[in-house]
Amino acid sequence: MAEKNSCAFRTTIGGQALIEGILMRGPEKQAIVVRGPEGLVIKEEALKLIRDRYPVLGLPLIRGSVTFLDSMVKGVKALMFSADFYPEEGVPEEPSKFERWLDEKMGNEKVEKLVIGFSVVLAVCFSIGLFMLLPTFLASFVERVTDSVLVRNLVDAALRIAIFMTYLMAVSRMKDIRRVFSYHGAEHKTIFCYEKRLELTVENVRAQPKHHPRCGTSFLLVVIVVAILINTAVFALFPVENVFLRMLVQLLLLPFVVGITYEFNRYVGGHDNPVTNFLAKPGLWMQNFTTFEPDDSMIEVAIEAMKRVIPREEGKDAWGA
């Protein structure tokens, strides 16, 4: 198909791969599209952002943590929605006494909020523990060999990268996860197609790259790198010998780390020049483990989700608008 407009642009629309589906978020609403056993299931919601009610939460460095948590909550809700259409195989189990008690006392809606909140907390704790606190704890054993703070910090940094890489490579080999990552590829390709102002067809989307510079994988990698740099600088200026105290300091610095990472990704994602393209390369390379080629049915889901979040006012979703 011919281009509608030869001038490409960068959109703020982003997405997330689900179980047999995709979540797309635009400037005004989000859409969940899942390929269920009986066809496409679609759920649209108007976006209600907390920073709209409290403008201070939209300030630079602060908005990073707020946006991250908001995306986590909405992402978990979307995953639960998509999972409802693919129950586990076998005979369904009867609800336990505890589940029945929760349903009685709190109701379905409150139980759902409780589960979502617990899932988000669990996911955040798992990520922080595995990629930040565990490397720091393991690196502390270097102190038995040398007193060098520099060596300890280098080992800490190497362990963080190694654990992160190992985790990505391991999960990417799981059959069900690979299929989710293929939907991830469909999401990226569709966004690229839209940004090039091409008609959203399977043929046009299929031809696009599957690696996108504004991907969540890149965000996680930059979080780890920024944390390494900030922690190294802080502990070089203010040495902390106790490993558990170092972990506590890292936790206190985390909102600052996420804030800097968000602003970095926002700048790199909104500019196209040799410097920003170079800075984006590590994140693009990491997507080799989290983004795979989709089939046409996955692309159809991504196109449907994208069409439903494109704003009526042209340019409202342009980067920096």
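The structure we're discussing is the one just above.
The structure presented is a predicted model; accordingly, all values stated were derived computationally and were not measured. (Residues numbered from 1 in each chain as written. Predicted model: local features only at pLDDT ≥ 70, side-chain atom pairs only at ≥ 80, totals over all residues. Heavy atoms only, no water.)

Caption draft 1: Representation of empty space enclosed by the protein. Enumeration according to the criterion identifies two cavities of 30 Å³ or more in this entry. Considered as a void within the structure, the largest cavity measures approximately 50 Å³ in volume. Asn153, Asp156, Ala157, Arg160, Ile228, Asn231, Thr232 and Phe235 are the residues that line the largest cavity. Elements supplying a minimum of two residues to the lining of the largest cavity: helix H4 (149-172) and helix H7 (216-237). Taken together, the residues that form the lining of the largest cavity break down as three nonpolar, three polar and two charged. Of the volumes computed, that of the second largest cavity is approximately 40 Å³. Taken together, Thr136, Arg152, Asn153, Asp156, Phe235, Arg246 and Gln250 make up the full set of residues lining the second largest cavity. (1 Å grid on protein atoms, 1.4 Å probe; cavity = no way out; pocket = protein on both sides within 12 Å on 5 of 7 lines; lining within 4 Å. Points joined across faces, edges and corners; volume = space filled by probe spheres on them. Helix = DSSP H or I, 4+ residues; strand = E, 2+ residues; numbered from the N terminus. Nonpolar A, V, L, I, M, F, W, Y, C, P; charged D, E, K, R; others polar.)

Caption draft 2: Summary view of the nonpolar core. If you look at the biggest cluster of nonpolar residues, it comprises 25 residues, and the most contacted ones within it are Ile22, Met24 and Met306. For this core, the elements supplying multiple residues, two or more each, are strand S2 (21-25), strand S3 (29-36), helix H5 (175-195), helix H6 (202-206) and helix H10 (296-307). Among the elements that line this core, the one with the most residues is H10, at seven residues. Not counting residues within four places of it along the chain, the set of residues in contact with Ile22 comprises Gln16, Ala31, Ile32, Val33, Tyr183, Ala186, Glu187, Met298, Val301, Ala302 and Ala305. Val222, Val226, Val243 and Leu254 belong to the second largest nonpolar core, which has 16 residues in total. (Core = buried A, V, L, I, M, F, W, Y, C linked by side-chain atoms within 4.5 Å. Buried < 20%, exposed > 50% of the residue type's maximum accessible area, 1.4 Å probe, protein only. Contact = heavy atoms within 4.5 Å.)

Caption draft 3: Highlighting a nonpolar patch on the surface. On the surface, Ile50, Tyr54, Val56, Leu59 and Ile62 cluster together into a nonpolar patch covering about 420 Å² of accessible area. Following the sequence through the fold, Leu59 ends up in the loop between helix H1 (50-53) and helix H2 (63-83). The exposure class assigned to Leu59 is partly exposed, which follows from its relative accessible area of 43%. (Patch = residues over 30% accessible without salt bridge, like charges linked within 9 Å, V, L, I, M, F, W, Y side chains within 5 Å. Areas by Shrake-Rupley, 256 points an atom, 1.4 Å probe, with all protein chains shown as cover. Salt bridge = Lys/Arg side-chain N within 4 Å of Asp/Glu carboxyl O.)

Caption draft 4: Just the packing of H4 against H7, in detail. Running from N to C, H4 and H7 point in directions that differ by 170°, and their axes come no closer than 10 Å. When the axis of H4 is compared with that of H7, the two are roughly antiparallel. Packed against H4, whose contacting residues are Val149, Asn153, Ala157, Arg160, Ile161, Phe164 and Leu168, the element H7 presents Thr217, Leu220, Leu221, Ile224, Ala227, Ile228, Asn231, Thr232 and Phe235 at the interface. Of the residues in the contact of H4 with H7, the class split is eleven nonpolar, four polar and one charged. (Axes fitted to C-alpha atoms, helices over the stretch in contact; angles between N-to-C directions. Parallel < 35°, antiparallel > 145°, perpendicular 65-115°, else oblique.)

Caption draft 5: Looking closely at the packing of aromatic side chains. Summed over the entire model, instances satisfying the criterion amount to ten aromatic pairs. Note on Phe9 and Tyr194: the rings are 5.5 Å apart at their centroids and 75° apart in plane angle, and the pair reads as edge-to-face. Within this pair, whereas Phe9 is found in the segment before strand S1 (14-18), its partner Tyr194 is found in helix H5, the two being separated by 185 residues in sequence. Seen in terms of ring centroids, Phe131 and Tyr167 are 5.5 Å apart; in terms of plane orientation they differ by 75°. Their pairing is edge-to-face. Of this pair, Phe131 sits in helix H3 (residues 97-139) while Tyr167 sits in helix H4, and the two are 36 residues apart along the sequence. According to the relative accessible area criterion, Phe131 is buried, its value standing at 10%. Cluster of aromatic residues (ring-pair linked, three or more members): Phe126, Phe131, Phe164 and Tyr167. (Phe/Tyr/Trp six-rings, centres within 6.5 Å; stacked < 30°, edge-to-face > 60°.)

Caption draft 6: View of the layout of surface pockets. Approximately 410 Å³ is the volume attributed to the second largest pocket. Gln30, Glu45, Ala46, Lys74 and Lys77 are, among the 18 residues lining the second largest pocket, the residues nearest its centre. Elements that contribute at least two residues to the lining of the second largest pocket include exactly S3, strand S4 (39-46), H1 and H2. With six residues, H2 is the single largest residue contributor to the lining of the second largest pocket. Taken together, the residues of the lining of the second largest pocket sort by class into eight nonpolar, one polar and nine charged.

Caption draft 7: Quick look at unusual backbone geometry. Phi at Leu61 is positive, roughly 75°, even though this residue is not glycine. By the element assignment, Leu61 lies in the loop between H1 and H2. Here the phi dihedral of Arg197 falls at roughly 60°; this positive angle occurs in a residue that is not glycine. Mapped onto the secondary structure, Arg197 falls in the loop between H5 and H6.

Caption draft 8: How the structure looks around the sheet that holds S4. Taken together, the four strands give an open sheet; going across it, the order is S1-S2-S3-S4, and neighbouring strands pair in antiparallel fashion. Of all the strands in the sheet, just S1 and S4 have a single pairing partner and so form its edges. Pairs of neighbouring strands in the sheet enclose a mean axial angle of 15°, with direction left out of account. With five bridges connecting them, S2 and S3 associate as antiparallel partners. Residue pairing across strands places Met24 opposite Ala31, the latter belonging to S3. (Pairing = 2+ DSSP bridges.)

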